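What the coordinates show
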Amino acid sequence: MNLRLLPLLCLPFAALAENPVPHSTYTCDDGSRIKLSFSPAADGRPQAQLHLADTTLTLPRVPAAVGAFYRNETIRLHIQDEQAVFDDAHGTTRHCLLGANGPLAASPPAATPSSLVEISGQITYHSRRPLPADAELIIRVQDVSRAGTRPRTLAEQRIAVAGQPLTVPFATNIDRDLLGKKSRVTISAGIESAGQLLFANRKTYPAFSDQQAKYHTIELQRVARAK
């Protein structure tokens, strides 16, 4: 399954003013070093490149209350000032300091990825004929608390679904620090092809219940085309 997490669209990055050094080496508390570079994607969205021995991994930037936070499905990187917290694909956390040498900081950045909350569930839909090759499932987590204004997108995930099963799991993260006391967060989903909406959810799915994230099974219905 082609699964990728994209940075937010139309979201002001509050308190995300830090711009990491374009090419950086960090020394970590386990003695290892990680090499990073930072450059925008083709569409201008910020991202980080993690340079390993035989490959380079691209980590899209996602919201954080403090510092800069990058992640893909398995790797997380949070940078603030000259410090970085790196969670690898094996669940190991490293606390790192900018520079090839020197003592490591005794404490991690003030706001670590632990402030993130995972929003997850599964999407179901029914289609009697195969989806177009470019069909894409788009899941959005949005704050809809402000009446009369467009919802604020907190996270967005896109999954290629052509040839995939009719039930698709999803998981994405949002930062609790971006939510206010009156925030009303919902999950919506749709399947698009060539810019046209093919399927969409008709019910409202709240992301939280009693301040705890809920696991949802979101049902999509085919969108009737105008004649």
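Quick look at the structure, then. Within every chain, residues take consecutive numbers counted from 1 along the sequence as written. Where totals are concerned, whole chains, interfaces and linings use all residues; where local detail is concerned, this predicted model gives features only for residues with pLDDT of at least 70, and gives and counts side-chain atom pairs only at 80 or more. Excluding hydrogens and water, the side-chain figures rest on all heavy atoms present in the structure.

**A word on the overall build of the protein**
Defined as follows: Segments assigned H or I by DSSP are reported as helices when at least four residues long, segments assigned E as strands when at least two residues long, and all are numbered from the N terminus. The classification of residues rests on relative accessible area computed with a 1.4 Å probe and restricted to protein chains. Under 20% of the type maximum is buried, over 50% is exposed, and intermediate values are partly exposed. We call two residues in contact whenever any of their non-hydrogen atoms come within 4.5 Å of each other. Each accessible area value is a Shrake-Rupley result obtained with a 1.4 Å probe; residue values ignore everything except the protein chains displayed when judging cover.
Counting its regular elements, the protein contains zero helices and 19 strands. Scored against the burial criterion, the 227 residues of the protein give a buried share of 44%. Sequence separation of at least 24 residues holds for 56% of the intrachain contacts in the protein that already meet a minimum separation of 6. In the form shown here, the protein has an accessible surface area of approximately 12400 Å², with 50% of it arising from carbon and sulfur atoms.

**What to know about unusual backbone geometry**
Look at alanine 194: it is not a glycine, yet its phi comes out positive at around 50°. Examined against the element boundaries, alanine 194 turns out to sit in the loop between strand E14 (185–193) and strand E15 (196–201). Given a relative accessible area of 72%, alanine 194 falls into the exposed group.

**Brief notes about the pattern of salt bridges**
How we decide: Counted as salt bridges are all cases of a side-chain nitrogen of Lys or Arg within 4 Å of a carboxyl oxygen of Asp or Glu.
The full count for this structure, using the stated rule, is five salt bridges. Note that aspartate 143 is salt-bridged to arginine 152, the shortest N-O span being 3.9 Å. The buried category is assigned to aspartate 143, whose relative accessible area is 9%. Judged by relative accessible area, arginine 152 falls into the partly exposed class, the value being 24%. Among the ionic pairs, arginine 158 bridges to glutamate 156, the shortest N-O distance being 2.7 Å. Note on arginine 158: relative accessible area 16%, which makes it buried.

**So, the state of the cysteines**
Disulfides are covalent bonds that link the sulfur atoms of two cysteine residues. As a reminder of what qualifies: Any two cysteine sulfur atoms lying within 2.5 Å of each other are counted as a disulfide.
Scanning the entire structure with this criterion turns up one disulfide. One disulfide bridge connects cysteine 28 with cysteine 96, the sulfur atoms lying 2.1 Å from each other. Its S-S torsion of about 90° marks the bond between cysteine 28 and cysteine 96 as right-handed, since a negative value means left-handed. Separated by 68 residues along the polypeptide, cysteine 28 in strand E2 (residues 23–28) and cysteine 96 in strand E9 (residues 93–98) bring together distant segments of the chain.

**Describing the side chain of threonine 186**
With respect to the element layout, threonine 186 can be found in strand E14. For threonine 186, a relative accessible area of 9% corresponds to the buried category. Discounting residues that sit within four places of it in the chain, threonine 186 has contacts with Arg140, Val141, Gln142, Val144, Thr204, Tyr205, Pro206 and Ala207.

**Quick look at the packing of aromatic side chains**
Two numbers describe a pair of aromatic rings. These are the distance of the centres and the angle of the planes. Where we set the bar: Think of it this way: a Phe, Tyr or Trp ring, Trp meaning its six-membered ring, pairs with another when their centres are within 6.5 Å, and the plane angle makes it stacked under 30 degrees, edge-to-face over 60, tilted otherwise.
Applying the stated criterion across every chain, the model contains two aromatic pairs. Summarising the aromatic geometry, the rings of phenylalanine 38 and tyrosine 70 are spaced 5.6 Å apart at their centres and angled 50° between planes, so their arrangement reads as tilted. Placement of the pair is phenylalanine 38 in strand E3 (residues 33–40) and tyrosine 70 in strand E6 (residues 68–71), with a sequence separation of 32 residues. Taking the relative accessible area as the measure of exposure, phenylalanine 38 reaches 15% and is therefore buried. By relative accessible area, which is 2% here, tyrosine 70 ends up buried.

**Focus: the environment of isoleucine 119**
Among the structural elements, isoleucine 119 can be located in strand E10 (residues 116–124). Of the residues examined, isoleucine 119 reaches a relative accessible area of 0% and is grouped as buried. Each residue touching isoleucine 119, except ones within four places of it in the same chain, is listed here: Val141, Phe170, Ala171, Thr172, Ile174, Ile187, Ala207, Phe208 and Ala213.

**Quick look at the sheet that holds E6**
As a reminder of what qualifies: Only strands joined by at least two bridges in the DSSP assignment are considered to pair. Only the stretch in contact is used when a helix axis is fitted, and all axes are lines through C-alpha atoms; the angle between N-to-C directions ranges over 0 to 180 degrees.
Taking strand neighbours around the barrel as the criterion, the eight strands line up as E2-E3-E4-E5-E6-E7-E8-E9 in a closed arrangement whose pairing is antiparallel. With direction set aside, neighbouring strand axes in the sheet form an average angle of 30°. Note: strand E8 (residues 83–87) against E9, five bridges, orientation antiparallel. The residue of E9 that forms the bridge with phenylalanine 86 is arginine 94.

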